Amino acid sequence: MTTSNLKIAVLAGGLSHEREISLQSGLQVAEALGSAGYTVSVCDIDTSLVPKLRELETNLAFSMLHGSLGEDGAIQTLCEALGLAYVGSTAGAAHLAFDKFAAKSIAQAQGLITPPAFIITTDTIKLLGAAHLLTPMVESLGFPLVVKPNRGGSSLGLSVVQQADELTSALVHAFAYDSAVLLEKFIVGTEVALTVIDAVPGWGSLPAVEIKTGQQGYDYTARYTVGESQFVIPAGVGPDVLSALTEAAESIHQALGLRDYSRADFIVDPQGQHWFLEVNVSPGMTINSLLPQAVHATGRTLTDFCSALVEHAYQRTNGARFT
Amino acid sequence: MSVEGENPSSGMVSRETIPLLAERTASMTASEIRALFAVASRPEIVSLAGGMPYVSALPLAEIGNKIAELIKTRGTYALQYGSAQGDPQLREEIVSVMAVEGIAAHPDDVVVTTGSQQALDLLTRVFINPGDVILAEAPSYVGALQAFRSYEAEVVHVDMDEQGLHPEALSSAIAGCQAQGKAPKFVYTIPTFHNPAGVTQTLERRQRIVSLCAQSKVPLVEDNPYGLLGFDHQTLPALRSINEDVIYLGSFSKTFAPGTRVGWVVAPRVIRDKLILAAEATMLCPSALAQTVVCTYLQEFDWQQQITSYRNIYRERRDAVIETLTAAMPEGVHWTVPQGGFYVWVNLPMGIDSALMLPRALNARVAYVPGSAFYSGAGRVLGESSLRLSYCFPPVDQLREGVRRLAGVVNEELELRHILGPTQSKPQWRQSDNPNVSMP
């Protein structure tokens with residue numbers, strides 16, 4: 001079979017809190033792959049998925065699932081169990097990257113600098129007492145600090161806490177999304193995202209995207225409302241920092257064992273030091289997302305990008321059939 | 001290769017157009033809460049959020065046959081443009097429907113609209129300049145608040161209780177606005193089976209509110225989509241039946257089917273004329289096909305019997321929700337017991353923020369609308385510890401399961417609050433985090 005005859009299932013939706021964004025990303029990717037001549041179906045995630053993949057005689061899955069299921073390794077596990085070729089990181093690597101605290105720890109072990117952070121769960125708070133647990137953390141991190149779910153994306157459940165009396169509400173917000181929550185030092189600086197493309201012929205890492213936002217930062221509204229944020233490509237942080245960022249993004253991609261592509265998020269402080277925040281194995285592909293803008297800045301299209309990933313992923317399987 | 005704020009692909013939005021957009025679009029933004037509602041539509045979720053009428057109770061096969069017949073026999077009329085004011089035959093039928101609630105009106109007083117949501121839009125368009133004040137109950141219908149906001153009105157909320165809008169509070173609000181040189185342009189109220197509060201104005205209050213607005217020379221807008229859906233089959237007189245100056249909004253969305261998008265407004269002639277012109281500028285005319293379908297339904301089907309069926313279904317569902325709330329909710333949770341309509345308003349113990357709790361509820365596979373959606377501007381804080389439950393669509397067993405799941409979520413939230421200690425203040429949420437969800 002030539003790759004142009006591939007039947008591709010773009011997986012999108014699901015029950016994650018990021019369902020809406022996932023559907024938007026999925027449609028963008030489906031449109032891009034459709035333009036390249038592939039036979040593309042967008043599949044939501046429910047009990048009909050596996051029979052549907054069979055019925056469609058799917059050759060390859062392209063997951064645009066964000067949040068749990070898509071980025072925690074679950075859908076990759078399914079593909080692996082089914083023997084279905086898929087774009088992106090393996091289940092194990094995705095699972096590791098989805099855990100922000102674990103990813104930060106691995107980044108640190110690689111010599112990357114990441115904002116100091118503590119992880120807490122409701123069980124530990126219950127066991128130890130909120131004041132006993134939180135007070136030393138807050139004293140160590142200082143204000144402002146960031147409170148966010150340990151797993152999840154799109155800034156959902158994220159708050160920047162300016163003072164002590166805002167902490168409880170921020171924790172309630174974050175715990176509504178995940179049973180584990182990060183308290184992280186707030187780093188003042190420029191937010192930059194960098195996409196690594198791994199071993200896909202003809203592609204290297206994409207140019208860094210600088211995100212300019214208003215006072216509220218790059219929250220959900222700023223992410224997904226056209227015009228709420230401005231983007232500078234390549235990021236205006238100077239060639240030395242750009243080079244260091246690329247190296248750092250590639251380093252974390254490699255250290256976590258990620259595959260095909262990933263997007264790493266950093267803060268560059270006024271001294272030019274870059275701080276690793278997190279890495280995404282299924283980054284957003286909406287019209288307002290960072291990765292598609294980085295692709296376009298290279299003079300190529302989302303169709304070029306998605307097609308390259310598909311070709312690479314399919315060849316990896318040596319044409320093995322999913323039945 | 002340097003790109004700043006623009007995207008070369010034809011498939012991407014050109015950011016250069018953004019400065020060209022009207023300033024009022026600045027408040028039209030993505031929001032965390034709105035995004036969460038994408039999950040609520042999944043079948044795994046028991047959605048107590050949207051107020052979707054149970055249209056499965058309609059005689060669908062018969063209606064289908066009738067629509068097919070209409071196209072064959074009246075297609076040249078039903079598929080053609082019509083008058084901006086609406087089909088004359090339908091306006092006559094609407095007058096008969098309103099008579100059930102004691103309203104005496106003439107077909108010429110009626111303007112047919114694309115759902116009563118459009119009537120709200122037209123009214124706001126003809127009354128409101130940016131910054132004008134509208135008085136509305138606290139809480140109020142989210143769709144009305146959205147329409148008011150889109151014309152840059154300032155909504156001032158007025159207290160209500162289990163007997164509906166409070167006349168003393170209304171009097172104070174009118175006086176307060178007038179003292180500031182901002183005479184309210186109109187008072188917006190849902191007197192019967194209120195959305196979202198589920199309460200009904202008493203007859204005594206109705207008379208006082210009508211009288212107060214007349215004395216203050218503030219137009220009174222009565223939104224009455226649920227008036228015929230009372231569980232005890234009794235209907236309190238509409239405000240419009242007390243005073244002909246009341247502007248009345250009606251709808252077939254709840255008594256027949258929302259998919260037809262047919263509503264109406266009855267207004268004094270001088271306002272009616274402006275509404276017709278505004279309607280013409282907006283849509284030329286309401287859908288002739290939809291009007292023909294509704295008109296035929298009213299003429300040839302037993303619509304009053306259908307309303308009785310709806311009442312029985314919704315009463316049973318209301319009972320299921322109230323029984324399960326009583327059995328499952330922890331101490332400190334309170335709710336209204338509606339005597340008609342679609343909604344129960346639930347007050348959570350102080351300190352629980354229903355918007356912050358929503359992701360947890362979705363994890364537990366149940367959805368609701370956070371109370372802050374039903375307030376405008378700074379008033380949102382008033383709805384933080386409340387939520388709206390809608391019982392009209394899910395069957396009884398799902399309603400019970402949904403409320404049980406919600407009770408579990410409230411218990412978890414209470415426990416979390418308990419172990420974290422009291423909340424003093426919250427980080428600065430964005431205005432757009434207000435769950436401005438578009439749902440009836």
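Rules behind the numbers
Residues numbered from 1 in each chain as written. Chains lettered and ligands numbered in written order. Predicted model: local features only at pLDDT ≥ 70, side-chain atom pairs only at ≥ 80, totals over all residues. Heavy atoms only, no water. Helix = DSSP H or I, 4+ residues; strand = E, 2+ residues; numbered from the N terminus. Rg over C-alpha atoms; globule rule 2.2 N^0.38 Å. Contact = heavy atoms within 4.5 Å. Areas by Shrake-Rupley, 256 points an atom, 1.4 Å probe, with all protein chains shown as cover. Lys, Arg positive; Asp, Glu negative; His and termini not counted. Charge placed at Lys NZ, Arg CZ, Asp CG, Glu CD. Phe/Tyr/Trp six-rings, centres within 6.5 Å; stacked < 30°, edge-to-face > 60°. Buried < 20%, exposed > 50% of the residue type's maximum accessible area, 1.4 Å probe, protein only. Pairing = 2+ DSSP bridges.

S.K.: Any chance you could break down the overall build of chain A for me, citing the residues and the numbers?
M.R.: Within chain A one finds twelve helices and 13 strands. Against the globule reference of 20 Å for 323 residues, chain A gives a C-alpha radius of gyration of 20 Å, in line with a compact fold. Dimensions along the principal axes, computed over C-alpha positions, put chain A at roughly 60 × 45 × 35 Å. Long-range contacts, defined as pairs at least 24 residues apart, comprise 68% of the intrachain contacts of chain A with a sequence gap of at least 6. Summing over all exposed atoms, chain A offers an accessible surface of approximately 11,700 Å²; the carbon and sulfur share of this is 52%. When the 17 positive and 31 negative side-chain charges of chain A are each reduced to one mean point, those points stand 5 Å apart.

S.K.: I'd like a rundown of the overall build of chain B, residues and numbers included.
M.R.: The number of helices and strands found in chain B is 13 helices and 15 strands. Relative to the globule expectation of 22 Å for 440 residues, the C-alpha radius of gyration of chain B, 22 Å, shows essentially globular dimensions. If one aligns the C-alpha atoms of chain B with their principal axes, the spans along those axes are about 65 × 60 × 50 Å. Put simply, chain B shows about 17,600 Å² of open surface, and 53% of that area lies on carbon and sulfur atoms. Across chain B, 36 positive and 45 negative side-chain charges occur, with their mean positions spaced 2 Å apart.

S.K.: So what about the packing of aromatic side chains? Which residues, and what values?
M.R.: Residue and element names in this part refer to chain B. Evaluated as defined, the whole model comprises 16 aromatic pairs over all chains. Relative to Y297, the ring of F256 lies with its centre 3.7 Å away and its plane at 10°, an arrangement referred to as stacked. Of the two residues, F256 is situated in the loop between β9 (247-251) and β10 (263-266) and Y297 in helix α10 (residues 288-300); the sequence distance between them amounts to 41 residues. Judged by its relative accessible area of 3%, F256 falls in the buried class.

S.K.: Can you explain the sheet that holds strand β3 (residues 60-63) of chain A? Please cite residues and give values.
M.R.: Sheets are built from strands paired through backbone hydrogen bonds, the pairs being either parallel or antiparallel. Residue and element names in this part refer to chain A. If you walk across this open sheet you meet the four strands as β2-β1-β3-β4, and the pairing is parallel. Each edge of the sheet is formed by a strand with only one pairing partner; in this case those strands are β2 (39-43) and β4 (85-86). Taken together, the five bridges between strand β1 (residues 7-11) and β2 define a ladder with parallel strand orientation. By the bridge assignment, V10 is partnered in β2 with V42.

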